[in-house]
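Read off the chains here:
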Amino acid sequence: MGLKTFLQSASRLLKLATKPGRTELWLSIKICFLGILAIGGIGFIIQLIGTQI
């Protein structure tokens, strides 16, 4: 893939891209927050197991 085709593809993508609506943005924030909580919970459980051993 050459530079010219990459730039054409990138410009085509940017023309189609739109700002997310309020509901879509809120859904993305909730999903990210749940992911952070899940990773933090897993790390906390691993730390608890490590201190018990």
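Since this is a predicted model, take the numbers as computed values, not measurements.

Calculation criteria
Residues numbered from 1 in each chain as written. Predicted model: local features only at pLDDT ≥ 70, side-chain atom pairs only at ≥ 80, totals over all residues. Heavy atoms only, no water. Helix = DSSP H or I, 4+ residues; strand = E, 2+ residues; numbered from the N terminus. Rg over C-alpha atoms; globule rule 2.2 N^0.38 Å. Buried < 20%, exposed > 50% of the residue type's maximum accessible area, 1.4 Å probe, protein only. Areas by Shrake-Rupley, 256 points an atom, 1.4 Å probe, with all protein chains shown as cover. Patch = residues over 30% accessible without salt bridge, like charges linked within 9 Å, V, L, I, M, F, W, Y side chains within 5 Å. Salt bridge = Lys/Arg side-chain N within 4 Å of Asp/Glu carboxyl O.

1. As for the overall build of the chain
Secondary structure summary: the chain contains two helices and zero strands in total. Against the compact-globule benchmark of 10 Å for 53 residues, the chain has a radius of gyration of 20 Å, which places it well outside the compact range. In terms of principal-axis extent, the alpha carbons of the chain reach across some 60 × 35 × 5 Å. Counting all 53 residues of the chain, 0% fall into the buried class. If you sum the accessible surface of the chain, you get close to 5,300 Å²; carbon and sulfur atoms cover 73% of it.

2. Some thoughts on a nonpolar patch on the surface
A grouping of Phe44, Ile45, Leu48, Ile49 and Ile53 is seen on the molecular surface, where their side chains present a nonpolar patch of about 550 Å² in accessible area. Note that Leu48 resides in helix H2 (residues 22-52). Residue Leu48 is classed as partly exposed on the basis of its relative accessible area of 40%.

3. Details of the environment of Ile45
The topology assignment puts Ile45 in helix H2. When the C-alpha positions of Ile45 and Ser9 are compared, they lie 44 Å apart, and in sequence the two are 36 residues distant.

Any functional reading would require information beyond the geometric quantities listed.
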